[in-house]
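Spelled out, the chains give:
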Amino acid sequence: MLKVENLRVSYGHIEVLKGISFDVDPGEIVALIGGNGAGKTTTLSTISGLLRPTSGKITWKGETINSAAVENIVSAGVAHCPEGRRIFPGLTVRENLITGTASRSYRKSEIEADLALVLDLFPRLKERFTQGGWSLSGGEQQMLAIGRALMSRPSLLMLDEPSLGLAPIVIEQVFDKILELNKRTGLSVLLVEQNSAMALDISARAFVMETGTITLSGPSAALADDPRIREAYLGG
Amino acid sequence: MKTSRLKTRIALALFAIAVLTIPLAARDGYIIQLLNIAMLNAIVVLGLNFATGWTGQINFGQAAFYGLGAYTTAIATKAGLPWISTPFLAVAVVVAASLVLGLPTLRLRTYYLAMTTIGFGEIVRLIIVHWEPVTGGTSGLRAIPGISLFGFGPQGQIQHYYVLIAVLAVAVLVAVRIRHSALGRAMIATKDSEIAAEQSGVDTTRTKLLAFIIGAIYAGLAGCLYASSIRFISPDSFSGIQAVLLMTMLIVGGMGSIAGCIIGAAALTLLPEALRFLGQWYLVLYGLGVIVVIVLAPGGLASIASTIRLRLAGAR
């Protein structure tokens, strides 16, 4: 469904992605793991149109989206839930969620139905519905950011470090929700994580990135048993 | 929650009664004149709030849009055009000007955008000063025909007061509607995080441009009413100093708060007059007052009530 072929991206003279290729199938959870500076966030930002590749090809449902505008990529069904959550503190929880529908014009009844779905998935947000985004805890903000991304009715959800800055118990809740969402709706997920153990646990396949290249790939269960991965990312 | 809404309604009703009866109590024409200017400033600051308070784009060009509206109106009515045409002319001129300024510059950020808008304000001021045959140069334009719809129009300060109250009320209602529309959410999303807004599908360039244009329309219409109610205009009223003053009203009143725009405009229009007895010391006190508000209430005067309420709730 999403296909990335030989993708190269540079910041000025520095090449950060040195020709990576991977794909995501419908209904699949795929993880991109690797350390700081490997190029994981750059990969997601390039897919969502915030950065432009120097060469290579990104295809979404058979169409090349290398040079599409950010909001057109969202409306084509690729939602990006950015690193550090980036919710809108000046808007209420409800307004944050509705802003997720900005890429298309929905009827009021459709928006209400989608809101109900998101609130059903994240009951905490229901309790905070009319509060300002600034008043939420880190875990609630992450749920709001995911909920906002879901409001654009994506068929692929790209999550950038959803565990960042969250307490272990909250991380578990967030990952449970991601899994539940995938099982319930068949939504594809492209997950970028430094918490490799969690990422390998919920994904079907994974790609390991190191300084702009993909060094290993395969079924997540097999990677979790691979001695190289165990040593480098899972703490031995 | 219901009782608090009721309280707000009662407070608003009392406020409305007070505002409507002011002219009966204060028969002094000078005070009414000041209040009229305060209301015009409030409309301009409400406009500034779209781009700066909600969308986060610094705009020092607001005084120039105010001036463009005023000069368009003055020149048109003095040339014999009917008054009814002037709001439309003023809006047409400021929309054209805001497109010329906004289209190429709104991709700029922070200081760069601020510098560009300062430059724009200066260009407009210089044109007004130097195009003397049309604009009257530094001495301005006098005896501008007043507001008149099919021969009817407000006479005297008090009648203008009521006209301006009505226009200000409409300006507030429109601002409230926009704040709670998709455009309003897009504005605040753009200010809070431009990247996240785009990732949510918000066209941030379009949002900034619309915020800018709507703000210019507010300023243009206020300028139109300024020219035809004060009936004398000069470049001083729309200079760079005025642009800074409008920004100060927004900050002191409360960025992003509709009530704050009105409080800020009223406070900074009336305060200098109230402090006039201090002679040349008034500017010192005025400056200190602005600093005190910014340091003690960074959310502006409008935030003080809710801060106190939070403190009381916390102390309990």
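Residues numbered from 1 in each chain as written. Chains lettered and ligands numbered in written order. Predicted model: local features only at pLDDT ≥ 70, side-chain atom pairs only at ≥ 80, totals over all residues. Heavy atoms only, no water.

Enquirer: Got a minute to help me understand the environment of Met255 of chain B in this structure?
Expert: Residue and element names in this part refer to chain B. Note on placement: Met255 falls in the loop between α11 (240–253) and α12 (258–274). Residue classification places Met255 among the partly exposed positions, given a relative accessible area of 41%. For the pair Met255 and Thr52, spaced 203 residues apart in the sequence, the C-alpha separation amounts to 7.7 Å. The contact partners of Met255, leaving out residues within four places of it in the chain, are Asn49, Thr52, Gly53, Leu250 and Gly299. (Helix = DSSP H or I, 4+ residues; strand = E, 2+ residues; numbered from the N terminus. Buried < 20%, exposed > 50% of the residue type's maximum accessible area, 1.4 Å probe, protein only. Contact = heavy atoms within 4.5 Å.)

Enquirer: What should I look at first to understand the sheet that holds strand β9 (residues 205–210) of chain A in this one?
Expert: Neighbouring strands of a sheet are bound in pairs by backbone hydrogen bonds; such pairs are parallel or else antiparallel. All names here are of chain A. Read across the sheet, six strands follow the order β6-β7-β8-β3-β9-β10 without closing on themselves; strand pairing throughout is mixed. For this open sheet the edge positions go to β6 (78–81) and β10 (213–219), each flanked by a neighbour on one side alone. Here the strands of the sheet are splayed against their neighbours by 15 degrees on average, with no regard to which way each runs. Inspection of the sheet shows strand β7 (residues 156–160) paired to strand β8 (residues 188–193) by five bridges, in the parallel sense. Within β8, the residue paired with Leu156 across the bridge is Ser188. Across the sheet, helix α7 (residues 168–185) lies against β3 (29–33), β7 and β8, angled at about 160 degrees from β8, the strand it touches most. (Pairing = 2+ DSSP bridges. Axes fitted to C-alpha atoms, helices over the stretch in contact; angles between N-to-C directions.)

Enquirer: When you look at the interface of chain A and chain B in this model, what are you seeing that I'm missing?
Expert: It is common to give the size of an interface as the accessible area that goes away when the parts come together. The interface is formed by 19 residues belonging to chain A together with 16 residues belonging to chain B. The junction of chain A with chain B conceals about 1,600 Å² of combined surface from both sides, 59% of it contributed by carbon and sulfur atoms. At the junction of chain A with chain B, the criterion picks out one salt bridge. Arg179 of chain B serves as the salt-bridge partner of Glu95 of chain A, at 2.9 Å between the closest nitrogen and oxygen. Within the residue set of the side of chain A that touches chain B, elements represented by two or more residues are α2 (70–75) and α3 (93–99) of chain A. A per-class count over the side of chain A that touches chain B returns nine nonpolar, six polar and four charged. (Buried area = accessible area lost by both parts, 1.4 Å probe. Salt bridge = Lys/Arg side-chain N within 4 Å of Asp/Glu carboxyl O. Nonpolar A, V, L, I, M, F, W, Y, C, P; charged D, E, K, R; others polar.)

Enquirer: What should I look at first to understand the nonpolar core in this one?
Expert: Burial of nonpolar side chains together is a common tendency in soluble globular proteins. Within the largest apolar cluster, 82 residues are counted, with the highest numbers of intra-cluster contacts made by Leu46, Phe50, Phe65, Tyr66, Phe120, Tyr218 and Ile233 of chain B. When sequence neighbours within four positions are dropped, the list of residues in contact with Ile233 of chain B reads Ala70, Tyr71, Ala74, Gly140, Leu141, Ile144, Tyr226, Ala227 and Phe238 of chain B. Counting residues in each nonpolar core, the second largest holds 47 residues, with Leu144, Ala149, Leu159 and Leu166 of chain A among its members. (Core = buried A, V, L, I, M, F, W, Y, C linked by side-chain atoms within 4.5 Å.)

Enquirer: Just to check I follow, could you spell out the packing of aromatic side chains for this structure?
Expert: For any pair of aromatic rings, the description consists of the separation of the ring centres together with the inter-plane angle of the planes. Residues and elements named next belong to chain B. For the structure shown, the criterion picks out eleven aromatic pairs over all chains. Ring centres 5.4 Å apart and planes at 90 degrees place the aromatic pair Phe50 and Trp54 in the edge-to-face group. With a gap of four residues between them, Phe50 and Trp54 both fall in helix α2 (residues 29–54), about one helical turn apart. Residue Trp54 is classed as buried on the basis of its relative accessible area of 3%. A ring pair is formed by Phe65 and Phe120, whose centres lie 5.1 Å apart and whose planes are at 40 degrees; its orientation type is tilted. Of this pair, Phe65 sits in helix α3 (residues 62–78) while Phe120 sits in helix α5 (residues 110–130), and the two are 55 residues apart along the sequence. Pair check on accessibility: Phe65 and Phe120 agree, each one buried. Grouped by ring-pair contacts, the aromatic residues Tyr66, Tyr71, Tyr226 and Phe238 constitute a single cluster. (Phe/Tyr/Trp six-rings, centres within 6.5 Å; stacked < 30°, edge-to-face > 60°.)

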